[in-house]
Amino acid sequence: MNILFIASEAAGLVKSGGLADVAKALPLQLLANGHNVKVVIPCYTFIKDYLNFPIIGKGELNSAQTNADMHIPFQIRKTTMNDNLEIWLIECQRYFDRTSLYGDNNQAYGDNGERFAFFSAAAIEAAKVMNFKPDIVHCNDWHTALIPVYLRESYNGDPLYDPIKTVFTIHNLKFQGIWDLKTFKKFTNLPDYIFTPDKLEFKKDANMLKGGLVYADYITTVSNTYAYEIQTPYYGEGLDGLLRAKHLQLRGILNGI
C-alpha cells in the first residue's frame, strides 16, 4: 500500500513527546513490512541543517483551500531516515519560522490553529505535487485532524483523493485545537454546514480534533485501555459521546507493537 503519514513532529528531526517517536518508528516498520511510506512534517526553521535538505517541489494553496484573501506558496524539502524512509518537510516561513514547535515561554502561539490548518491543506497538496497517490492517509492528533475533513469536503470528486481512506490516531485527547468559529471559518474557508454539533462545532466553538474523529474512516489510539477510557465521561474530555458512537471504528493499538 501507499501510505502518507502526517504528523507535526518526528524523532530524529524534531521532538516534544511520544508523538514524534511514533512518527519515526511506525513508518519505518511499515516500510520494512513492504509498504511505500512517505512522512510529512512541517519544516520548522530551527531544525538543524534544514537548509541542506533539497527542495523537491513547490505548491500553493488557493482561496478554496485557505483564507479567501490569501494565496500561500510553500516548498517541499526532503530528507531520508535510516537511509530509506522519505521525510517531506512543508516549508512556509510565515508559519514555521519560529523558535519552537507550538509556543514560547509556556505560551502557545496565538495562530496555531491557522498554522496547522495550513499544514494540513499543504500536506494534502504535497501528494499531488509529488505525484504520490496514497491508499491511506494516517493523521495524528489535532494538528492534522483537518485532513480527513478537507479530503471529504474540499477534494470531493478529485480522482486522486476520492479513493483514499483515512486513519486518525489520538495520542492525547486533552489537546483538541479549539478556536472561535468566526476566526476558524476565516482561515479554513470551510462551508458553514461543517460547523454543526454533529461535525466540528463544540460548545459554540470549532474543534479540530473533533473534525478528525467525525470524518476519519478509522480511529486508533495508543492502547486498548486508553481506547476504553476515552469513551467515559471522566477521560473523554467532552468527546466521550462521539467516541462511543464511533466505537466500531475505534481500536487501541499498544505503542511499540
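Everything numeric in this text was worked out from a predicted model, so none of it was measured.

What counts as what
Here the residue index of a chain counts from 1 through its sequence in written order. For this predicted model, a pLDDT threshold of at least 70 governs which residues receive local features, and a threshold of 80 or more governs which side-chain atom pairs are given and counted, while totals over whole chains, interfaces and linings are taken from all residues. With hydrogens and water set aside, each side-chain value is computed from the structure's full complement of heavy atoms. Where helices and strands are cited, they refer to DSSP runs of H or I of at least four residues and of E of at least two residues respectively, numbered from the N terminus. This radius of gyration counts C-alpha atoms alone. The globule rule is 2.2 Å times how many residues there are, raised to the power 0.38. Note on definitions: a residue-residue contact is assigned when non-hydrogen atoms from the two residues lie within 4.5 Å. The sign given to each residue is positive for Lys and Arg and negative for Asp and Glu; His and the chain ends receive no count. Here the site of a charge means NZ on Lys, CZ on Arg, CG on Asp, or CD on Glu. Strands qualify as paired when DSSP identifies two bridges or more between them. What counts as an axis is a line fitted to C-alpha atoms, over the stretch in contact for a helix, and the angles between N-to-C directions run from 0 to 180 degrees. Within this scheme, the nonpolar core is defined by two criteria: the residues are buried Ala, Val, Leu, Ile, Met, Phe, Trp, Tyr or Cys, and they are joined through side-chain atoms within 4.5 Å. Any residue under 20% of the maximum accessible area for its type is buried, any over 50% is exposed, and the rest in between are partly exposed; the area is computed with a 1.4 Å probe on protein chains only.

What the protein chain contains, in helices and strands, is eight helices and 14 strands. Relative to a compact globule of 257 residues, whose C-alpha radius of gyration would be 18 Å, the protein chain shows 17 Å and is just as compact. Taking the principal axes of its C-alpha atoms as reference, the protein chain extends roughly 50 × 45 × 45 Å. When contacts within the protein chain are restricted to residue pairs at least 6 apart in sequence, those whose partners lie at least 24 apart make up 69%. Of the charged side chains in the protein chain, 25 are positive and 27 negative, and the gap between their average positions amounts to 1 Å.

Strand order in this open sheet of nine strands is 3-4-5-2-1-8-9-13-14, and the pairing throughout is mixed. Edge positions in the sheet fall to strand 3 (55-61) and strand 14 (250-252), since each has one partner strand and no second. Neighbouring strand axes in the sheet, compared pairwise and without regard to direction, differ in orientation by 25° on average. Judged from the three bridges that link them, strand 13 (residues 218-221) and strand 14 form a sheet pairing that is parallel. Residue pairing in the sheet places Thr221 in a bridge with Gly252 of strand 14. Running at roughly 140° to strand 8 (residues 136-140), helix 4 (residues 146-153) makes contact with strand 1 (2-6), strand 8 and strand 9 (165-170) of the sheet.

Grouped together as the largest cluster of nonpolar side chains are 85 residues, with contacts concentrated most on Ile90, Phe118, Ile170 and Phe184. Counting residues per element, this core draws most heavily on helix 3 (residues 112-129), which supplies ten residues.

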